[in-house]
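Chain residues, written in single-letter form:
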Amino acid sequence: MNKQTELASSQSNNKLMKKRTIFLLLFLIQAVLYAQPRYDSRVFKPKNPKTNDLVQLMYNAKDKDLEFSDEVNANLFIFDNFKWTKLILPMQKNSDGLWTANIPVKPSTAFIGVKFFQGDSQQPDVVDNNNNLGYAIALISAKGKPQAGSYLAEAAFQSPGITGGEMLSYYTNQPDSLEPAYLKTLGAKESALLGKNYVNYFQDFMNLQKLGLGNEFPAYAKKFVTDALANKSLDDETLGVFYNYANSRMKDVDLAKFIEKRVYSDFPNGATARFIAYNNTMGVSADQAKAISAYEDFLKRFPIEQWRKKPNNQNFIYYAVYRGLGSSYFDSKQFDKFISLYDDLDFRTGNELMRWNIMRAYMFKMVGKDTLYTISEAIMPKLIARKDDQSYKQDFDTKAQADSNVVKNLDERLFTHISLLNDLKKYTEARKYFVELSEKGKYNNAELNEINLQVLEGLNDDKQILPLLEMSARYNAMTPRMFDKLKAIYLKGHNGDEKGYESYLAGLKSDEEKAEMKAYVDHNWVNHPMPDFRLESAEGSFVTPEDWKGKIVVVDFWATWCRPCIMAFPGMQLLVDKYAHDQTVAIYMLGTMQTGDYKSKSVNYVRGEGYRFHLLHDSVNPKTNEQDLLFKQLVPLFGDSSIPRKIVVKDGRVRYCSGGYSGSPSKLMDELSLAIEILRNEK
């Protein structure tokens, strides 16, 4: 090789080395950047706070969205004892124009995040969370050492899915993913700090490791759990955590079975053994006899009395087991065993068993009424006796909410039982259960009020009928027959003079009920063009927009398959009767979304039930061959395709629209009457 060639080669090598050096430097810079958190810690004082320091917030709002706010609050996200909690602190403006606040910390506090806001914390007017990068800081212990949980929290603050909980509400948008190398580093640092209580945050710790390790994680997880199991002194709770993780997260059947044997050997009557047995019981077989045997075996091995002596958070197990066993007994007609379960059941479980089995069997005529009465009468007193057992407490934030739910559910179960007693003409027994209803439950249900009227008539208790009717009117929960009865009583007491009847009836309604009705109607005003249409009537003639000119028109979209639609018919009949002689108001029942010979089905049902309606049939959509042409054109107004749906049309436009059915014929009549009269009187 000559000197010129050597020189060229040397220059080429130098260039290559320079490129490699630059690339390595860029890589190292990038790695350092990835290893840094993206949040800003400068709003906290001191710079590296200890758990025994006074930690302060010093927020400068200049050039930020909160710069001109006259009130700034701090929404703190504190990672304490491996859980996120939220705290709202009002801030004060100091002489330097900085917003300040002191943050309460504990020896167990590992990390603090904050976002600043003005207004209501749930719906703030303005928010500053550092443009979705965050404001946060990690704490160190009083001795100056890394605080257990701080690295986990650092990762979770920037990737909220790791721990979930309160952190999910910090960001306005989902933050960008963190680099796996950075997360791997945090996972390794947190691993070095693992204490004896790591079981309490094991799932979150493993979530961090999974994000950091990627494809390496399955092997890591198995080794971690296997190594931990080498400790022969693990307690029941720890074994339970490992079993759940191996079974549900790792999907490692062999490892789960290994842990299961260990649990059955070391803690055969413990909480983990109970959970594993429950897990093995649920869905054990589609065969009803085998399922019943599995449920019964579970309860023999882990009787509920044993759990109640030392209750933990496994009440869901007994709820599920008793629900499954009770429904299996009922479906297999082992009614004596179904009844006997109620000796063990709390209100929550007993209520659900009665709702799913008794109410369903009554509605769909699955069991003879005499048999159903025997079952329902045996369990109803037991359910009533347990109404104050607080078994719904776990499902609600406050005791008041839980108590309200109990009242609602007990009223519904009593409704089913009273309906059954009325059908069997057991009026004395039915009357006894009316006493158990709540004040609202006694009069707020029009169907139950009608039953109560039938019971009083069956008992010849005329003295109680008028008070019942007046209270039902007060709650606006009346049926057509109840109106007829009330008017007959009024006329009898006024020598047949009905002059003051309407004023008397209006005076029975409470001011609260009237205000609620007005607010409901006001909420449902719309102004939408009515599509063109040509609708066939039950008589074979056709109705077009021309027929509606100069009228206020009510249209009820319904179908023969829609139970709420059918339940609303008495209320629509009240409305039809009220405006029967008013030529400026028209009311139509428009059948839609039906199949087969829908015309005959609609007409035969309505006439067979004795209703006096003007029936129309929705047109068939030529593109889809579905009977829904007009209804589907109005779906953009409705927002969904559910029925029943009422609209009120005036001058070619839909002016009022409401959906569903409240359960009260009189309330439905009043709603649509009020809408009609407001439209009639508008200028």
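Residues numbered from 1 in each chain as written. Predicted model: local features only at pLDDT ≥ 70, side-chain atom pairs only at ≥ 80, totals over all residues. Heavy atoms only, no water.

The subject of this paragraph is the overall build of the protein chain. If you tally the helices and strands in the protein chain, you get 27 helices and 17 strands. For 683 residues, the compact-globule estimate of 2.2 N^0.38 gives 26 Å, and the C-alpha radius of gyration of the protein chain, at 35 Å, exceeds that figure by more than 25%. Counting only C-alpha atoms, the protein chain reaches 125 × 70 × 65 Å along its principal axes. Among the 683 residues that make up the protein chain, the fraction classed as buried is 45%. Carbon together with sulfur atoms contributes 51% to the accessible area of the protein chain, which is approximately 36,000 Å² in total. With 88 positive and 85 negative side-chain charges, the protein chain shows a separation of 6 Å between the mean positions of the two kinds. (Helix = DSSP H or I, 4+ residues; strand = E, 2+ residues; numbered from the N terminus. Rg over C-alpha atoms; globule rule 2.2 N^0.38 Å. Buried < 20%, exposed > 50% of the residue type's maximum accessible area, 1.4 Å probe, protein only. Areas by Shrake-Rupley, 256 points an atom, 1.4 Å probe, with all protein chains shown as cover. Lys, Arg positive; Asp, Glu negative; His and termini not counted. Charge placed at Lys NZ, Arg CZ, Asp CG, Glu CD.)

Moving on to helix α7 (residues 253-266). Its 14 residues give α7 an end-to-end C-alpha distance of 20 Å, which sits within 8% of 20 Å, the value for a rise of 1.5 Å per residue. Looking at α7, one finds that the buried residues are Leu255, Ala256, Ile259, Glu260, Arg262 and Val263. Each buried residue of α7 sits inside an arc of 165° when the element is viewed along its axis, so together they form one side. Across α7 from its buried face, at more than 90 degrees, point the exposed residues Val253, Asp254, Lys261 and Ser265. Summarising the contacts, the buried residues of α7 are in contact with α5 (217-229), α6 (236-249) and α8 (271-281). For α7, the capping residue at the N-terminal end is Asp252, with a side-chain oxygen 3.4 Å from the backbone nitrogen of Asp254. (Expected span 1.5 Å × (residues − 1). Arc of directions from axis to C-beta. Contact = heavy atoms within 4.5 Å. Polar contact = N/O pair within 3.5 Å; in protein donor to acceptor, adjacent residues only side chain to side chain.)

Overall, the coordinates contain 33 salt bridges when judged by the stated rule. When the shortest N-O distance is used, the salt bridge between Lys257 and Glu260 registers 3.9 Å. Separated by three residues within a single helix, Lys257 and Glu260 lie in helix α7, roughly one turn from each other. Owing to a relative accessible area of 44%, Lys257 belongs among the partly exposed residues under this scheme. Accessibility expressed as a relative area gives 10% for Glu260, which makes it buried. Here the salt bridges do not stand alone but share partners, grouping Glu450, Glu457, Arg481 and Lys485 into one network. (Salt bridge = Lys/Arg side-chain N within 4 Å of Asp/Glu carboxyl O.)

In the segment running from Lys45 into Pro46, the intervening peptide bond is cis, with an omega of 0°. Along the polypeptide, Pro46 turns up in the loop between β1 (44-45) and β2 (55-59). Of note, the amide linkage connecting Ile643 to Pro644 takes the cis form, showing an omega dihedral of 5°. Relative to the elements of secondary structure, Pro644 occurs in the loop between α26 (629-638) and β16 (645-650). Phi at Asn81 takes a positive value of approximately 55°, unusual for a residue other than glycine. By the element assignment, Asn81 lies in the loop between β3 (73-80) and β4 (83-90).

Turning to the state of the cysteines, a few remarks are in order. One pass over the full model with this rule turns up one disulfide. With its sulfur 2.3 Å from that of its partner, Cys562 forms a disulfide with Cys565. Because the torsion about its S-S bond is 80°, the bridge between Cys562 and Cys565 counts as right-handed. Of the two residues, Cys562 and Cys565, both sit in the buried class. The thiol of Cys657 is unpaired, and the distance to the nearest cysteine sulfur, on Cys565, comes to 14 Å. Take Cys657: its relative accessible area is 7%, and that puts it in the buried class. (Disulfide = S-S within 2.5 Å.)

Let us look at the packing of aromatic side chains. Counted according to the given criterion, the structure contains 46 aromatic pairs. Seen in terms of ring centroids, Phe330 and Phe335 are 5.2 Å apart; in terms of plane orientation they differ by 65°. Their pairing is edge-to-face. Under the relative-accessibility criterion, Phe330 is labelled buried at 3%. With relative accessibility at 14%, the residue Phe335 sits in the buried group. With centroids separated by 6.0 Å and ring planes inclined at 25°, the aromatic side chains of Tyr443 and Tyr475 adopt a geometry described as stacked. Of this pair, Tyr443 sits in helix α17 (residues 439-443) while Tyr475 sits in the loop between α19 (462-474) and α20 (480-493), and the two are 32 residues apart along the sequence. Feature note: the residues Tyr39, Phe77, Phe79, Phe82, Trp84, Phe111, Phe157, Tyr170, Tyr171 and Tyr201 constitute an aromatic cluster, connected by ring pairs. (Phe/Tyr/Trp six-rings, centres within 6.5 Å; stacked < 30°, edge-to-face > 60°.)

Before going further, it helps to spend a moment on the sheet that holds strand β17 (residues 653-659). In space, the eight strands of this open sheet follow the order β10-β17-β16-β13-β14-β15-β11-β12, with mixed pairing throughout. Two strands close off the open sheet at either side, each with one partner strand: β10 (525-529) and β12 (542-543). Where β16 lies against β17, six bridges are found, and the strand directions are antiparallel. From the neighbouring strand, Lys650 faces β17, where its bridge partner is Arg653. Of the strands in this sheet, β10 and β17 are in contact with helix α22 (residues 511-523), which crosses β17 at around 125°. (Pairing = 2+ DSSP bridges. Axes fitted to C-alpha atoms, helices over the stretch in contact; angles between N-to-C directions.)

The geometry of helix α15 (residues 399-423) relative to helix α16 (residues 427-434) is characterised by a closest axis approach of 8 Å and an angle of 160° between their N-to-C directions. Our classification of the angle between α15 and α16 gives roughly antiparallel. You can see that α15 and α16 cross each other, and the crossing is left-handed. Residue-level contacts link Leu414, His417, Ile418, Leu421 and Asn422 of α15 to Tyr427, Glu429, Ala430, Tyr433 and Phe434 of α16. A breakdown of the residues in the contact of α15 with α16 according to their chemical character gives seven nonpolar, two polar and one charged. (Parallel < 35°, antiparallel > 145°, perpendicular 65-115°, else oblique. Left-handed = near helix turned anticlockwise from the far one by under 90°. Nonpolar A, V, L, I, M, F, W, Y, C, P; charged D, E, K, R; others polar.)

Turning to the confidence of the model for the protein chain, a few remarks are in order. Chain-level statistics for the protein chain give a pLDDT mean of 93 and a share of 95% at 70 or above. Contacts for the low-pLDDT stretch residues 23-34, under 50 throughout, to residues beyond four places or in other chains number two contacts. (pLDDT = per-residue confidence, 0-100.)

A few words on the packing of helix α2 (residues 150-158) against helix α3 (residues 180-192). Their axes nearest at 8 Å, the elements α2 and α3 cross at an angle of 150°. Comparing the axis directions of α2 and α3 gives the class roughly antiparallel. Along its contact with α2, which presents Ser150, Tyr151, Leu152, Glu154, Ala155 and Gln158, the element α3 presents Tyr182, Leu183, Leu186, Lys189 and Glu190. Of the residues in the contact of α2 with α3, the class split is six nonpolar, two polar and three charged.

A word on the sheet that holds strand β5 (residues 92-93). Ordered in space as β1-β2-β6-β5, the four strands form an open sheet in which the pairing is antiparallel. Looking at strand neighbours, the two that pair on one side only are β1 and β5, the edges of this open sheet. One ladder, built from two bridges, connects β1 with β2; its direction is antiparallel. Bridging from a neighbouring strand, Phe44 pairs with Leu57 of β2.

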